[in-house]
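Chain by chain, the residues:
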Amino acid sequence: MCGIVGYIGHREAYPIILKGLKRLEYRGYDSAGIALYDGCDIKLSKTKGKVVDLEDKLLKEIPTVGSLGIGHTRWATHGVPNDVNSHPHYSNSGNLVIIHNGIIENYESLKTELKNRGYSFKSDTDTEVLINLIEDVMKNDNLKLGKAVQIALNQVVGAYAIAVFDKNKPNEIVVAKLGSPLAIGIGDDEFFIASDASPFIEYTKNAIYLEDEEMAIVRRGKDLKIRKIKDDSLVDPYIQELQINLEQIEKGGYDHFMLKEIYEQPSAIKDTYRGRMLVNEAIIKLAGVEDNMKKFLNADRIIIVACGTSWHAGLVAEYIFEDLARIPVEVEYASEFRYRNPVINEKDLVIAISQSGETADTLAAIKLAKSKGAFVFGVCNVVGSSIARETNAGAYTHAGPEIGVASTKAFTTQITILTLIALRLARAKGTISSSDFRLYLMELEMIPEKVIKALESEEHIKKIAEIYKTTRNFLYLGRGYNFPVALEGALKLKEISYIHAEGYPAAEMKHGPIALIDENMPIAVIATKKGHYEKVVSNIQEIKSRKGKIIGIVTEGDVSVRELADHVIEVPETLEALSPLLTTIPLQLLSYHIAVMLGKNVDQPRNLAKSVTVE
Ligand code: G6P
């Protein structure tokens, strides 16, 4: 995720763009840049760091004059966050300049072709490839910028929201969208461009949200024309009157970042597997794994180290690695591992999981494992973070910035990437048949749609939250792949509502927690069809005989649990190994609504922090 802003009109562009970038920083904040047209030339300043760092640097580097400009705040995907990889990017001639949010998946082949035609590249980004592709089309066919953008985008595979201008035509900005958002604010003789409406809400309430595969040329003092990128047909612009206030927009219209992030899971999961899983070809490509395949295949065992929610994702991974790839796995709290003199050597492979990439205990566990000769692979969300740098290799989740302290989309994207790794290794080891492999890919591809379906239960979940919001204790039970989901469900409730909750393997209930059960104890039981369904139904019967209140998380169409439970929440059917990606959704929503009803600070719960950089 990145944030993009642009302005063309009669005001000074710089303050509008700078303020807009600050509002879009939730979308990414590892580097930022602005390009302005000062009346004769493009003036550009960019830097690694946040928008405030850019502000300091830019004021020393360039004049802030001009009524046309574009700006970008980056959340790196291709190329580490540094000054060179920051946007905007020039074309080779220096005439064109671009900002881009998204991923150009076929950038490597395009780059090779452009290199063969004499183009050179300063950065590692896919974006610099795109701007030179546009320049190449423009030069070869002697075309105007708009047409060249259109032709170039027809050669591109991936996702984008872009804004481009040409210093030789400084009265227009060309914008286009596929997959990533792009809003155009329409003022009096002026246009605003942004990833969402927050940068221009105080200037105009009139906005157009471009649809996928649409492009527009915004010209100073002229009407806006929108075209289809594929066939050049004109589209009637649909101008919306914005009803929202600034604060809502910053949270994307949601009351809390946590809820927004819960709802971002379908796209976050898709972003995490996009370009890495080719379903038709039945291929999984993860550079960090491919480059180190021998290490993975020769490992005697995998040790997973993590904290908090990331540790729960590690537990899900234990099931899937052992199940599919037949590699022994141990999952360790990083804080325990680092202090208990673990037996570990160069035949071990360690996977460190961390959303922030900054958790002190996980970082220390990595250093310890490396010092003993183990190969360490990182699964992080924040690009360029300490853990991403300290590990020998890794794979990023593409969840986008997670702001709510209670982790949601980080968890499901971690499971997604770990599933891809397990499947890739299973294929390499021959422990999965090609038909099963294909089935997994097809099912994984359908998960985002199924998450959307699971989210549709929100109103029903709210009613359940209303009933149990005053309880002081909660139990969560699950078996197999869904045991870690029970732990994660309990953690979510504790974190944001301060209700005591425990997660247990369902069968362990009779070794202790069953003593707690009476008519006042609500128990969320994950009882999806695949896996140990009958056994879990027996556990539910044991709860029922002790008058516990049962909330069943079940597969669509379930009958048996419905007969026993006080409430059921349905999720779509999928393969057992993928079910945590769905069963976790209602538990996130349940804890969210209980916390909201109790008036708790959902996004910043007491005593917690998003990134724990101390022991
Ligand atoms: C903190 C956060 C949790 C997170 C844990 C591990 O406790 O509040 O949400 O799961 O740290 O963080 P990491 O960034 O390493 O995944």
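Residues numbered from 1 in each chain as written. Predicted model: local features only at pLDDT ≥ 70, side-chain atom pairs only at ≥ 80, totals over all residues. Heavy atoms only, no water.

Attention now moves to the overall build of the protein chain. Along the protein chain, the regular secondary structure elements total 21 helices and 27 strands. Taken along the three principal axes of its C-alpha coordinates, the protein chain extends 80 × 55 × 45 Å. The buried share of the protein chain, reckoned over its 615 residues, is 60%. Surface exposure of the protein chain reaches about 23700 Å², of which carbon and sulfur atoms provide 48%. (Helix = DSSP H or I, 4+ residues; strand = E, 2+ residues; numbered from the N terminus. Buried < 20%, exposed > 50% of the residue type's maximum accessible area, 1.4 Å probe, protein only. Areas by Shrake-Rupley, 256 points an atom, 1.4 Å probe, with all protein chains shown as cover.)

It is worth spelling out the site of the ligand at this point. Within the structure, the ligand sits among 13 residues, and Ser310, Ser354, Gln355, Ser356 and Thr359 are positioned closest to it. Note that an oxygen atom of the ligand is positioned 2.6 Å from one of the side-chain N or O atoms of Ser354. Between the ligand and Thr359 there is a distance of 2.5 Å, counted from an oxygen atom to a side-chain nitrogen or oxygen. Calculation on the ligand without its partners gives an accessible area of 390 Å², and the protein chains cover 91% of this total. (Near = heavy atom within 4 Å. Polar contact = N/O pair within 3.5 Å; in protein donor to acceptor, adjacent residues only side chain to side chain.)

Here helix 1 (residues 13–23) lies mainly inside the structure; 8 of its 11 residues are buried. Among the residues of helix 1, Ala13, Tyr14, Ile16, Ile17, Leu18, Gly20, Leu21 and Arg23 are the ones counted as buried.

Moving on, we come to the sheet that holds strand 23 (residues 473–478). Sheet architecture is open: 5 strands sit in the order 24-23-25-26-27, paired in parallel fashion. With one partner strand each, in any of the chains shown, strand 24 (500–505) and strand 27 (567–571) form the two edges of the open sheet. Within this sheet the neighbouring strands show an average axis-to-axis angle of 20°, counted without direction. Two elements, strand 25 (residues 522–527) and strand 26 (residues 549–555), share 6 bridges in a ladder whose sense is parallel. Its bridge partner lying in strand 26, Ile526 is registered against Ile553. Along the sheet, helix 17 (residues 458–468) contacts strand 23, strand 25, strand 26 and strand 27; its crossing angle with strand 27, the most-contacted strand, is approximately 145°. (Pairing = 2+ DSSP bridges. Axes fitted to C-alpha atoms, helices over the stretch in contact; angles between N-to-C directions. Contact = heavy atoms within 4.5 Å.)

Attention shifts here to the pattern of salt bridges. Tallied over the full model, the rule gives 35 salt bridges. With a shortest N-O distance of 3.0 Å, Arg301 and Glu330 are connected by a salt bridge. Residue Arg301 is located in strand 18 (residues 301–306), and its partner Glu330 is located in strand 19 (residues 329–333); the two are separated by 29 residues in the primary sequence. Take Glu330: its relative accessible area is 33%, and that puts it in the partly exposed class. The partner of Lys453 in a salt bridge is Glu556, with the nearest N and O atoms 3.0 Å apart. Here Lys453, found in helix 16 (residues 434–455), pairs with Glu556, found in the loop between strand 26 and helix 20 (560–564); they are 103 residues apart in sequence, far enough to count as distant. (Salt bridge = Lys/Arg side-chain N within 4 Å of Asp/Glu carboxyl O.)

Below, the discussion takes up the packing of aromatic side chains. For the coordinates displayed, the defined rule picks out 9 aromatic pairs. Ring centres 5.1 Å apart and planes at 15° place the aromatic pair Phe192 and Tyr203 in the stacked group. Of the two residues, Phe192 is situated in strand 10 (residues 191–194) and Tyr203 in the loop between strand 10 and strand 11 (206–209); the sequence distance between them amounts to 11 residues. Taking relative accessible area as the criterion, Phe192 reaches 1% and is therefore assigned buried. (Phe/Tyr/Trp six-rings, centres within 6.5 Å; stacked < 30°, edge-to-face > 60°.)

By themselves, these figures tell us nothing about what the structure is for.
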